[in-house]
Amino acid sequence: MDIDEWEKRYSMAFSSISEILDNINGVFVAYNSNVDAIKHVSEKDIHKLISIVGAKAVQQKVTEYPREIQDPVDLVARLVIAMRDGKAAEVPTYTADTHKWLMDNMVFDKARMGGQAGIISNLLSNLGVNNVITYVPWLSKEQAEYFVDAPNLKYPVIENGVLRLKHPHDAYDVNQLPKINWIFEFSKGTKVEYDGEIFEVPRDNRLIISSRPPWLRIDMSEQLYDQIPHMNGMIDGAILSGYQMIKEKYEDGTTYHDYVKKAVDVIKRLKEGSPDMRIHVEFTSIQNKVIRRTILKDIVHKHASSLGLDTVEVANALNVLGHEELAYAVISKGENSISALYEGAVKLLCELKLERVHIHSLGFYICVASKDFPLTVEEHRDALMFSSTLAAAQALHGDIGSLEEGGTGLGVPISERGHDDLEQLEKYLVRRDVCTGTEFEDGCVCALNHDLIVIPTKVVQDPVATVGIGDTISAGAFAAILAMIRKKGAEDRGS
Ligand code: 8BR
Ligand code: GLC
């Protein structure tokens, strides 16, 4: 299908999903909201940071590839790596000294709602979803201020043993401290030179320094856990994220096993009495491989229905699931990377017993879905086009204040490069007899064991920021899916 035809489909998909979004009763969103301190890193900034900590020390640390920020050299080294590769990454820091050092040596440009759950909650609320029940275990006063002031955004509290839904502004804990992450955004073309090394940033992206204070727990009070079934009638699905914060061991003797069990129990409770409840897990960059593997094998496997991730995250996931070669092929720059991405998506779908895997990349999305999912490939495709439109709006404005503003993404052209990249996948699939070229053309493939949906996406030339676009894509598509399932359910009951 040529780009003009795709553009037409995009408009139709956006308006048809917009019309039915309010079919959704509600969505539960947990666990991670935080404050993002965003700094756009210029050439001057990166050279200043390198000179403060010393170019030789940075070079040494770049080869060691720190997976945790213990001191400023670790931080600058990970920033140099992220800028060199143009890849997104999130690295934890367990010491408050990192934030202090950054405050002493940098000035952030702006502070915004951060955390996958925080960003998604505000997005769904702004899109007008009837009930967005957001939950963060560490709701501080400062954090609460970053939630949009809208009546459809609600926070669960227990009063006299009864579940009540209040706005986060009326539900925070006065004694709770905020979690503040640093986001370093960098732009394509930025030149970096140090200790004999020289490179140019290959694409816009960001590095996240994620603060992990000792009180951070992916958790829920017993009382709230008991009351979850009272929420179920109000929601069609849940979007869960933040599991990356689970630690192997805690100072009080508990371990990741305790928190994984709690996480799974919450999902089971959400599904109690609502077997059709759909659970989307938004994956992210997880440095600790034990935790990464556990999240996939013990939380996502069998419990989640849908998984959203970017290409680096696909490689990371495949890596801990024992598919090192495929993981390597996914991140390689060669022409096989797109077919490896597809094969990786199928592996995740089957091995993790999911209904749907949505991979987003710059220029195209690939989604694989189980054959018994209650939507057609065309409907899946509408969900993807809806989400790509939102992503473009977010890249344009930095935020999406309303469904109407989301629609401004329609004005962003579809990436020709993304459209061309898909040809590699087409050749691969046709060669393997997975589909014919004609079937691939419109992005809807009904393969033997799964459905495959691929779309070229809209890409903004100079994005305001890239942080949070992945969340917008996954949440937008998942909301569209929930709306279509609801609509179908209503039609089936009517007929
Ligand atoms: P993560 O935050 O999960 O890494 O996802 C980022 C996603 O944002 C990418 O997969 C890509 O699809 C999208 N994106 C980026 Br990065 N830059 C974009 C741009 N300029 N326009 C539209 N989408 C973009
Ligand atoms: C992660 C980060 C958070 C950021 C978000 C964007 O959750 O911890 O700081 O806002 O990703 O996707």
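Structure's up top.
Thresholds applied
Residues numbered from 1 in each chain as written. Chains lettered and ligands numbered in written order. Predicted model: local features only at pLDDT ≥ 70, side-chain atom pairs only at ≥ 80, totals over all residues. Heavy atoms only, no water. Near = heavy atom within 4 Å. Polar contact = N/O pair within 3.5 Å; in protein donor to acceptor, adjacent residues only side chain to side chain. Helix = DSSP H or I, 4+ residues; strand = E, 2+ residues; numbered from the N terminus. Nonpolar A, V, L, I, M, F, W, Y, C, P; charged D, E, K, R; others polar. Domains from an automatic or database assignment. Patch = residues over 30% accessible without salt bridge, like charges linked within 9 Å, V, L, I, M, F, W, Y side chains within 5 Å. Areas by Shrake-Rupley, 256 points an atom, 1.4 Å probe, with all protein chains shown as cover. Salt bridge = Lys/Arg side-chain N within 4 Å of Asp/Glu carboxyl O. Lys, Arg positive; Asp, Glu negative; His and termini not counted. Charge placed at Lys NZ, Arg CZ, Asp CG, Glu CD. Pairing = 2+ DSSP bridges. Axes fitted to C-alpha atoms, helices over the stretch in contact; angles between N-to-C directions. Contact = heavy atoms within 4.5 Å. Buried < 20%, exposed > 50% of the residue type's maximum accessible area, 1.4 Å probe, protein only. Core = buried A, V, L, I, M, F, W, Y, C linked by side-chain atoms within 4.5 Å. Phe/Tyr/Trp six-rings, centres within 6.5 Å; stacked < 30°, edge-to-face > 60°. Lys NZ or Arg CZ within 6 Å of the ring centre and 35° of its normal.

## Remarks on the site of ligand 2
Neighbouring ligand 2 are 14 residues; D36, E90, G115, N181 and D471 lie closest to it. One nitrogen or oxygen atom from the main chain of Q116 is found 3.3 Å from an oxygen atom belonging to ligand 2. Here an oxygen atom of ligand 2 and a side-chain polar atom of N181 are 2.8 Å apart. When contributions to the shell around ligand 2 are tallied by element, the ones reaching two or more residues are β2 (34-40), α6 (116-127) and β8 (180-186). In the shell around ligand 2, the residues fall into four nonpolar, seven polar and three charged. When residues of the shell around ligand 2 are sorted by domain, at least three fall in each of domain 1 (3-31 + 218-494) and domain 2 (36-113 + 177-211).

## Regarding a positive patch on the surface
On the surface, K87, K188, R203, K333 and R417 cluster together to form a positively charged patch. Relative to the elements of secondary structure, K188 occurs in the loop between β8 and β9 (191-194).

## Thoughts on the sheet that holds strand β6 (residues 153-159)
Spatially, the eleven strands line up as an open sheet ordered β7-β6-β5-β1-β12-β13-β14-β15-β16-β18-β17, and their pairing is mixed. On the outer flanks of this sheet lie β7 (162-166) and β17 (444-446), each paired with one strand and no other. For this sheet, the mean angle separating the axes of adjacent strands, direction not counted, is 20°. Bridge count for β6 against β7 is five bridges, and the pairing is antiparallel.

## A few points about the side chain of T93
Counting through the fold element by element, T93 comes out in strand β3 (residues 89-93). Engagement of the side chain of T93 in a polar contact is seen with the side chain of T98, the distance being 2.7 Å. Setting aside residues up to four positions removed in sequence, T93 forms contacts with I69, T98, I209, S210, S211 and R212.

## Focus on the sheet that holds strand β11 (residues 205-211)
Paired through backbone hydrogen bonds, the strands of a sheet run either parallel or antiparallel to each other. Strand order in this open sheet of five strands is β3-β11-β8-β2-β4, and the pairing throughout is mixed. Because the sheet does not close on itself, it has two edges, and the strands there are β3 and β4 (110-114). For this sheet the average axis-to-axis angle between neighbouring strands, irrespective of direction, equals 25°. Across six bridges, β2 lies against β8 in parallel orientation. Of the residues in β8, the one forming a bridge with K39 is F184.

## Focus on the pairing of strand β16 (residues 364-370)
For β16, the buried fraction is high: seven of the seven residues fall into the buried class. Side chains F364, I366, V368 and S370 project from β16 onto one buried face, and the interleaved Y365, C367 and A369 project onto a second face that is buried too. Strand direction decides the pairing type here: strand β15 (residues 356-360) and β16, joined by five bridges, are antiparallel. Bridging from a neighbouring strand, I359 pairs with I366 of β16. Between β15 and β16, which pair antiparallel and follow one another directly, the connecting turn spans three residues, one of which, G363, has a positive phi of 115°.

## Considerations on the nonpolar core
Grouped together as the largest cluster of nonpolar side chains are 120 residues, with contacts concentrated most on F28, Y243, I246 and L270. At ten residues, the largest contribution of residues to this core is made by helix α18 (residues 469-494). With residues up to four places along the chain from it excluded, the contact list for F28 reads I133, Y135, M220, M231, I235, G237, A238, I239, L240 and L270. Membership of the second largest hydrophobic core comes to 32 residues, among which are V53, V62, A89 and W101.

## Looking at the site of ligand 1
Taken together, 15 residues lie near ligand 1, and R206, D310, H360, S361 and V460 sit nearest. The separation between an oxygen atom of ligand 1 and a polar side-chain atom of R206 is 3.0 Å. H360 places a side-chain nitrogen or oxygen 2.8 Å from an oxygen atom of ligand 1. Contact with the protein chains hides 93% of the accessible area of ligand 1, taken as 520 Å² for the molecule alone. By residue number, the principal contributor to the shell around ligand 1 is α18, which donates three residues. For the shell around ligand 1, a count of residues per class yields eight nonpolar, four polar and three charged.

## Details of the packing of aromatic side chains
Applying the stated rule across the entire model yields seven aromatic pairs. An angle of 25° between the planes, with centres 5.1 Å apart, marks the rings of F14 and F386 as stacked. Residue F14 is found in helix α1 (residues 3-20), and its partner F386 is found in helix α14 (residues 377-397); the two are separated by 372 residues along the sequence. No difference in accessibility class separates F14 from F386, as the two residues are buried. Between Y250 and Y259, the aromatic rings sit 4.7 Å apart at their centres with planes inclined by 45°, giving tilted as the arrangement. Residue classification places Y259 among the buried positions, given a relative accessible area of 5%. Among the aromatic residues, ring-to-ring pairing joins Y31, Y135, Y155 and Y243 into one connected group. In this arrangement the basic side chain of R269 is found over the ring face of Y225, its NZ or CZ atom lying 5.0 Å from the centre. We note K458 situated over the ring of Y10; from NZ or CZ to the ring centre the distance is 4.9 Å.

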